[in-house]
Amino acid sequence: MKYLYLFICTAFFFSCQQKSVSIQSPDGNISLSFWVDEISDSYYSINYKNEMLVLPSFLGFQLKEGNELGINMKIVSETKNQVDNSWIPVFGERSEIRDNYNQVKIQLKETIEPKRELEITFRVYNEGVAFNYTFLPLTEDETLYIQKELTQFNFAKNYDCWVSERAQSEIHKIQVSSISKPVERPLVVETENCTVALGEARLTDFARMKFISGERENSLVATLEGDATVKLPYTTPWRTIMIGESEKELLSNNFFYENLNDECAIENVEWIKPGKVIREVTLTTQGGLACVDFAAENGLQYVEFDAGWYGPENDETSDATTITVDPKRSPGPLDLHKVIDYAKAKNIGIIVYVNRRALEKQIDEILPLYKSWGIKGVKYGFVQVGSQEWTSWLHEAVKKAAENELMVDIHDEYRPTGFSRTYPNLLTQEGIRGDEESPVNEHTLKTLFTRMLAGAGDNTNCYYAPRVTEKMGGHVSQLAKAVMIYSPWQFLYWYDRPEGSPGKKGGAGDSDGFIKNNPELEFYKLLPTVWDESKILEGRIGEFATIARRSGSDWFLGSLTANQTRKCSVDLSFLETGANYTATVYSYDPDSESSTKVKIEKIPVNSEKTIDFEIAANSGLAMQIQKD
C-alpha cells in the first residue's frame, strides 16, 4: 500500500505539472526528471535502473526577506548538451580521468513579483547526479541575501546511513529519520538496490552544506552553516548524489567531485611535488637535522616542523615571521634556516605548521617570506570553516599560497569538495578521524567508504606509538592504511622520532620512543603517494576492504579487516598479462620474534594467480608487487 501511495503521488505530480524536463546518464541507468507542479513549485526525482530512487523533492531557497525562491515558477527554456572527454590530473589516484555526462540547463522565472529568474543546471553522469542553482539579477549590481536552503532528498524508506556530526568525529550507522543534527558530507545512504552518497562539490565562497532530517517522512534536507550573501549573477556549489551498486563502486568513482570543479588554474605546476613526510616535534636544530637524515636515507621527501616553532600557537601575540620556540613545547634551540639549508642539500623539503591566528593576521606577509626562506609548504592549523566568510577566506589562502609556490595541507575540520583540481598545491587535508584519534580498523573501514569519497585525507599515520598495538590494528594495518587512505602528502611516524633526535619535552602525542630498524620499513621507503591506477578489489563499510594501486609497473596493495577473522583471496588478474612479478607480502604473525609481529615473504606471481590469506580480526595485509 505504501508503494502504491508513492506511485499515485508521483503520477499526480507528473499529470499536474506545467512542463517536465527529463535527462538520462550516458549509459541509461540513471534518469532524472524536473518539473513545476500545479501550484508552480519546483521538483525533481531520480530513477536508477527503472526503480524510483529519489522521490519528488523540492528545489529552492529561503531569502532573508522571508520569500522563497523555487515556488511560483514557470519554465522559460531548457538547453541540453553532452560532454565526453578526458583530462590529466597533476597528481591523483589515477593518471587520467574521464568526464562524461549529459546536461540540461533549465531557465525559470517567477510568475509573481518581483519575477526573479533562476537557472538550475543538472548533470547526469554514469556515476551519479549533480545540480546547482544560478541566481540571475533583476538589476545591475544586485545582491541576494540567502537565509536557508530548502533542497530536499526524499527517499521511499527510512534507509540506513553513515553519519558523523563533525569532520573528525566517529561515524555511526543510523536511519535517515534519526538525523536530528546537521551531519557531514559525503553522507552515504544504503537503499535496497544501490548505495548513494549525498554531498557537495566546488565549494569555494558559499556557506558549507550539511544534511538533516526533513519534515517529510524519510526525507533529508540541505542545511547551510549560516547565511550567505551573493552578488548576482551567482552560481552555487554543486549538490551531488553519487550512485553505485555498492560502496566499492562509489569509492572507485571518487573522481566525481574533481570533475565538477574547474580545470587547473596554475600555469606552472613543476614545483608541486607530492611525497612522504615525517613530523619534527622536538622543535630543535638537532631534531630537524636528524629528521632530514632519516628522510634522505628512508625514501621520504619532507620534514614538517610542528606547532610551536614561532611561539605558542594559540597566543595572539605569537609572530610567525620569527623563529621563537614555545618553551612549553621545547627548550630549543632551533636554527630553522640551518635545517632548511641542510635539507636542501639532501633534496628534502621543509614544511611548517602555522595556526589560524597567525595566518589570519599575517598571511600576506608570511607566505612570500617563507618562499624566500626556501620552505616548500605550509600546514594551515585549526582554520575556521563552515561559514561563507571563512570558506571564502580559506580558499583564497590556498590561492595565495600558490602565488608563492607553496603547497598546503589543511588541518582539522575542513573537508574537500574537489578544489585540488583547480589549485593542486592543496595536496591534502585532514577532516578525517585519523590516527591521532586511535581508530580501530572498523572505524578506518567506515572512513574509507565515506570520507574518502571526497578526496585526499591526511590520516596522521603512526607506526611505533603505543596506540598502534594497544588501541588500533597493529603494524601490518599501518602499512596497509598508507596504501588505502590516499594522500599525496603521506605523513608517517606521526608520534615517533629518528635516532639522533632529542627526547620530546612537550606538545602533542603519547610516545617518547624512537624509530627502530624493522625490515618492513622498506615498504614505506618504496611506497609512492600518487598513482597511475587504483582498483577497489572488494569492500564493505566497517567490515573489510582490499585496494590495489599502480605506480609505473609496480603495484602496492593494502587489505584491512574489522572485527572478524577473514579469508582473503587476491585475484591478480589486474597484472600485465604474460609478465612475471615478485610479491613481497607483509602479514601479521603472532609468533614472530619481531617486535612488530610482521612476517615478510616473497612469492612469484602473475596475472593468472590468486593468492589466499587469512587475516586476523582487526588486522591487515600489505603487499608490494614488482615486475621481474
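Residues numbered from 1 in each chain as written. Predicted model: local features only at pLDDT ≥ 70, side-chain atom pairs only at ≥ 80, totals over all residues. Heavy atoms only, no water.

Caption draft 1: Seen up close, the overall build of the chain. When you go through the chain residue by residue, the secondary structure sums to 11 helices and 36 strands. At 25 Å, the chain has a C-alpha radius of gyration in line with the 25 Å of a compact globule built from 628 residues. The 628 residues of the chain split such that 61% are buried. Sequence-distant contacts, at least 24 apart, represent 69% of the contacts inside the chain between residues at least 6 apart. Summing over all exposed atoms, the chain offers an accessible surface of approximately 23,700 Å²; the carbon and sulfur share of this is 45%. If the 66 positive side-chain charges of the chain are averaged to one point and the 91 negative ones to another, these points end up 1 Å apart. (Helix = DSSP H or I, 4+ residues; strand = E, 2+ residues; numbered from the N terminus. Rg over C-alpha atoms; globule rule 2.2 N^0.38 Å. Buried < 20%, exposed > 50% of the residue type's maximum accessible area, 1.4 Å probe, protein only. Contact = heavy atoms within 4.5 Å. Areas by Shrake-Rupley, 256 points an atom, 1.4 Å probe, with all protein chains shown as cover. Lys, Arg positive; Asp, Glu negative; His and termini not counted. Charge placed at Lys NZ, Arg CZ, Asp CG, Glu CD.)

Caption draft 2: Summary view of the pattern of salt bridges. Per the counting criterion, the structure on display carries 39 salt bridges. For Arg-116, the salt bridge is made with Glu-65, and the minimal N-O distance between the two is 3.8 Å. Of this pair, Arg-116 sits in the loop between strand E8 (97-110) and strand E9 (117-125) while Glu-65 sits in the loop between strand E5 (61-63) and strand E6 (68-69), placing them 51 residues apart in sequence. By relative accessible area, which is 45% here, Glu-65 ends up partly exposed. Through salt bridges with shared partners, one network takes in Glu-149, Glu-184, Arg-185, Glu-200, Arg-208, Lys-210, Glu-225 and Arg-239. (Salt bridge = Lys/Arg side-chain N within 4 Å of Asp/Glu carboxyl O.)

Caption draft 3: View of the sheet that holds E6. Taken in spatial order, the four strands line up as E6-E5-E11-E19 in an open sheet, and their pairing is antiparallel. Of all strands in the sheet, those bounded by a partner on one side alone are E6 and strand E19 (228-231). (Pairing = 2+ DSSP bridges.)

Caption draft 4: Up close: the sheet that holds strand E29 (residues 533-540). Spatially, six strands are ordered E29-E30-E31-E36-E33-E34 in an open sheet, and the strand pairing comes out antiparallel. Two strands in the sheet have a free side with no partner beyond their single neighbour: E29 and strand E34 (598-605). Strand-to-strand, the axes of this sheet are offset by a mean angle of 15°, without reference to chain direction. Sitting on the sheet, helix H8 (residues 441-448) touches strand E30 (544-551) and strand E31 (554-561), and the angle it makes with E31 is about 125°. Against the sheet, helix H10 (residues 474-484) touches E30, E31, strand E33 (581-588), E34 and strand E36 (620-627), its axis set at about 125° to E31. (Axes fitted to C-alpha atoms, helices over the stretch in contact; angles between N-to-C directions.)

Caption draft 5: Spotlight on the packing of aromatic side chains. Taken as a whole and judged by the stated rule, the model has 32 aromatic pairs. Geometrically, the ring pair formed by Tyr-44 and Phe-131 is tilted, given 5.3 Å between the ring centres and 50° between the ring planes. Of this pair, Tyr-44 sits in strand E3 (residues 42-48) while Phe-131 sits in strand E10 (residues 128-136); the two residues are 87 residues apart in sequence, bridging distant segments of the chain. In this structure, Tyr-44 and Phe-131 share a single accessibility class: buried. An aromatic cluster of three or more residues is present, and its members are Phe-34, Tyr-44, Phe-61, Phe-122, Phe-131, Tyr-133, Phe-135, Phe-153 and Phe-211. (Phe/Tyr/Trp six-rings, centres within 6.5 Å; stacked < 30°, edge-to-face > 60°.)

Caption draft 6: Region of interest: the nonpolar core. Ranked by size, the top nonpolar core spans 115 residues in total, and within it Val-354, Tyr-370, Tyr-380 and Tyr-493 carry the most contacts. Leave out the neighbours within four places in its chain, and Val-354 touches Trp-309, Tyr-310, Ala-320, Leu-359, Ile-366, Tyr-370, Val-378, Lys-379, Tyr-380 and Gly-381. Judged by nonpolar contacts, the second largest core, of 59 residues, contains Ile-106, Val-129, Tyr-133 and Leu-144. (Core = buried A, V, L, I, M, F, W, Y, C linked by side-chain atoms within 4.5 Å.)

Caption draft 7: Local environment of the environment of Pro-416. Secondary-structure assignment places Pro-416 in the loop between strand E26 (407-410) and strand E27 (426-429). Take Pro-416: its relative accessible area is 8%, and that puts it in the buried class. Counting along the chain gives 41 residues from Pro-416 to Gly-457, while the straight-line C-alpha distance between them is 8.8 Å. If near-sequence neighbours (up to four positions away) are discounted, Pro-416 is found in contact with Gln-429, Arg-451, Ala-454, Gly-455 and Ala-456.

Caption draft 8: Layout of the pairing of strand E13 (residues 160-163). In terms of strand pairing, E13 meets strand E14 (residues 172-175) through four bridges, oriented antiparallel. Residue pairing for E14: Asp-160 is matched across the bridge by Gln-175. Bridge analysis of E13 against strand E15 (residues 187-190) gives three bridges, and the strand direction is antiparallel. Among the inter-strand pairings, Trp-162 is bridged to a residue of E15, identified as Val-188.

Caption draft 9: Just H8, in detail. Of all eight residues making up H8, seven are buried, and the element is well covered by its neighbours. For H8, the elements touching its buried residues are E13, helix H2 (247-252), H10, E30 and E31.

Caption draft 10: Summary view of the environment of Lys-276. Positionally, Lys-276 belongs in strand E22 (residues 275-280). For the pair Lys-276 and Lys-525, spaced 249 residues apart in sequence, the C-alpha separation works out to 8.9 Å. Those residues in contact with Lys-276 that sit more than four places away from it in its chain are Gly-299, Leu-300, Gln-301, Tyr-302, Gln-490, Leu-492, Tyr-524, Lys-525, Leu-526, Leu-527 and Thr-529. In terms of polar contacts, Lys-276 uses its side chain to reach the backbone carbonyl oxygen of Gly-299, at 3.0 Å. (Polar contact = N/O pair within 3.5 Å; in protein donor to acceptor, adjacent residues only side chain to side chain.)

Caption draft 11: Highlighting the pairing of E19. Of the two faces of E19, only one is covered, namely that formed by Ala-228 and Val-230; the face formed by Thr-229 and Lys-231 stays uncovered. Bridging between strand E11 (residues 143-149) and E19 involves four bridges; their strand directions are antiparallel. Across the sheet, residue Tyr-145 finds its bridge partner in E19, namely Thr-229.

Caption draft 12: Broad picture of the side chain of Lys-379. Residue placement: Lys-379 occurs in strand E25 (residues 377-381). Reaching out from Lys-379, the side chain makes a polar contact with the side chain of Asp-458 at a distance of 3.0 Å. When sequence neighbours within four positions are dropped, the list of residues in contact with Lys-379 reads Glu-304, Ile-351, Val-352, Tyr-353, Val-354, Asp-409, His-411, Glu-430, Asp-458 and Trp-494.

Caption draft 13: Focus on the confidence of the model for the chain. With 96% of its residues at a pLDDT of 70 or more, the chain shows a mean pLDDT of 95. For the stretch residues 1-17, pLDDT sits under 50, and the model shows 25 contacts to residues farther than four places along the chain or on other chains. (pLDDT = per-residue confidence, 0-100.)

Caption draft 14: Examining the side chain of Asn-425 more closely. Within the fold, Asn-425 resides in the loop between E26 and E27. Overall, the relative accessible area of 0% leaves Asn-425 in the buried class. If we skip the residues at most four places from it in the chain, Asn-425 touches Ile-266, Trp-271, Ile-272, Val-398, Ala-401, Ala-402, Leu-406, Met-407 and Val-408.

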